[in-house]
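Inside the fold
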Amino acid sequence: MALMRKKNKPSGDIPTSSMADIAFLLLIFFLVTTVFDEEKGLEIVLPEQDSEVEVSQKNVIHLMVQVDGLVAVKRGESPQVQRVRSQEIGSIWRQAAAANPNLIAAVKTAPAAPYRYMIDVLDQLQGAGADKISLQVLEE
Amino acid sequence: MSVSKGGLKRKSKASSEIPSSSLADMAFLLLIFFMVSTTFKKEKTRTYEPPQAEATQKREEPRKDVLHVYVERDGGIYINDQLLQLDQVSNVVAPLYEENRSMIVQLRADREVPYATVDQLQKEFQQAGAIRMVFYTELEQRATRERR
């Protein structure tokens, strides 16, 4: 009977050939599923508290953001008000800033207007290279 | 001079197989490196839709200098996973700013939040002394804007 015993010769090694595949699979899985949380946005430096600066009206361009997203533009002392879409603010700023390099943009947003309308205007101003921007709330 | 025809061809004994035994080690090393070097966000994920802007710029400040202030669509204000009332914000931000003078406040507000809330928040930050702030926005492609 002993002669009929089948010889079983299992290999003594652990199969390592697929180990690399498994490890790379995990590596690629984690690489693909990772989302990075980027820090990005539009920067602004707020004025310090209780620091009021007197500015001449002729150096100010008033941008009044309405509840519907339209922007009323009032240049300095002129009583004229022009209602434009927020996309046009950039070119308006470039023109006005070319004429007066000391220009300050006063963005006044209606309290009930969605936040994104103010961002649209701020985006246009920063895209056009404005650095003196004042953010206020529009008083009726 | 042709040696190969002269029957003198030497049999190369170099193995033709690519050595793959160390491949697993390399892959695991990379895997472990990325696992160890990954930092996770401390705060819970908030549901809000940031506004979009073309002028969005990547910020390079170290993470420890950035304070995230979340405003959800329903107006809930969160700092470090804590729900706050508008008038409490300066009391919370002021000690954090005292601790770290190079702190920058990053306002992550939903795009539909009324501006009155955002204006009030700016006043709270000013009161706390944290005057450098960033409006968190998503980068908007020019093509998307034209469609709008």
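These numbers come from a predicted model, not from an experiment.

Reading guide: rules and limits
- Residues numbered from 1 in each chain as written.
- Chains lettered and ligands numbered in written order.
- Predicted model: local features only at pLDDT ≥ 70, side-chain atom pairs only at ≥ 80, totals over all residues.
- Pairing = 2+ DSSP bridges.
- Helix = DSSP H or I, 4+ residues; strand = E, 2+ residues; numbered from the N terminus.
- Axes fitted to C-alpha atoms, helices over the stretch in contact; angles between N-to-C directions.
- Contact = placed C-beta atoms within 7 Å.
- Right-handed = clockwise from strand over helix to strand, strands pointing away.
- Core = buried A, V, L, I, M, F, W, Y, C linked by C-beta atoms within 7 Å.
- Buried ≥ 20, exposed ≤ 12 C-beta atoms within 10 Å, placed from the backbone.
- Arc of directions from axis to C-beta.
- Parallel < 35°, antiparallel > 145°, perpendicular 65-115°, else oblique.
- Left-handed = near helix turned anticlockwise from the far one by under 90°.
- pLDDT = per-residue confidence, 0-100.

With that settled, the discussion passes to the sheet that holds strand E4 (residues 81-84) of chain A. Adjacent strands of a sheet form backbone hydrogen bonds with each other and so pair up, either parallel or antiparallel. Residue and element names in this part refer to chain A. Spatially, the 5 strands line up as an open sheet ordered E4-E3-E2-E5-E6, and their pairing is mixed. Each end of this open sheet is capped by a strand with a single partner; those strands are E4 and strand E6 (133-137). Adjacent strand axes in the sheet meet at a mean angle of 25°, parallel and antiparallel pairs treated alike. Docked against the sheet, helix H3 (residues 115-127) engages strand E2 (60-65), strand E3 (71-75), strand E5 (104-109) and E6, running at close to 170° with respect to E5.

Turning our attention to the sheet that holds strand E7 (residues 132-135) of chain B. With mixed pairing, the 7 strands of this open sheet are ordered in space as E2(B)-E1(A)-E7(B)-E6(B)-E3(B)-E4(B)-E5(B). Only two strands of the sheet have a single neighbouring strand rather than two, namely strand E2 (57-58) and strand E5 (82-84) of chain B. Here strand E6 (residues 104-109) of chain B runs beside E7(B); their pairing, made up of 3 bridges, is parallel. What sits directly across from Val105(B), in E7(B), is Met133(B).

In this section: the pairing of E6(A). Residues and elements named next belong to chain A. The sheet contact formed by E5 and E6 spans 5 bridges and is parallel. Among the inter-strand pairings, Val107 is bridged to a residue of E6, identified as Leu135. Between the parallel pair E5 and E6, the chain is carried across by H3, and the sense of this crossover is right-handed.

To continue, consider the nonpolar core. In terms of nonpolar packing, the biggest core is built from 48 residues, with Leu63(A), Val65(A), Met118(A), Val121(A) and Leu107(B) touching the most fellow members. Counting residues per element, this core draws most heavily on H3(A), at 7 residues.

Moving on: helix H2 (residues 89-99) of chain A. All names here are of chain A. Among the residues of H2, those classed as buried are Ile89, Gly90, Ile92 and Trp93. Relative to the axis of H2, the buried residues are bounded by an arc of 160° and lie together on one face. Exposed positions of H2 whose direction lies more than 90 degrees from the buried face are Ser91, Gln95, Ala98 and Ala99. Residues of H2 that are buried in the fold lie against E2, E3, E4, E5 and H3.

A word on the packing of helix H1 (residues 19-33) of chain A against helix H1 (residues 23-37) of chain B. Angle between the axes and distance between the axes are the two parameters that describe a pair of packed helices. For the pair H1(A) and H1(B), interaxial distance at closest approach is 8 Å and the crossing angle is 25°. The orientation of H1(A) with respect to H1(B), classified from their angle, is roughly parallel. Crossing angle aside, the handedness with which H1(A) passes H1(B) is left-handed. Residues Met19(A), Ala20(A), Ala23(A), Phe24(A), Leu26(A), Leu27(A) and Phe30(A) of H1(A) form the contact with H1(B), whose participating residues are Leu23(B), Ala24(B), Ala27(B), Phe28(B), Leu30(B), Leu31(B) and Phe34(B).

Residues and elements named next belong to chain B. Mean pLDDT for chain B: 84, with 89% of residues reaching 70 or above. No element of chain B has a lower mean pLDDT than helix H4 (residues 142-147), at 62, and none a higher one than E6, at 93. Under the prediction, the complex receives an ipTM of 0.75, its pTM being 0.75.

A few words now on the environment of Asp81(B). Residues and elements named next belong to chain B. With respect to the helices and strands, the residue Asp81 is situated in the loop between strand E4 (77-79) and E5. Expressed as a C-alpha distance, the spacing of Asp81 and Thr45, which sit 36 residues apart in the sequence, is 9.2 Å. In this structure, Asp81 is in contact with Glu43 and Lys44, ignoring residues within four places of it in sequence.

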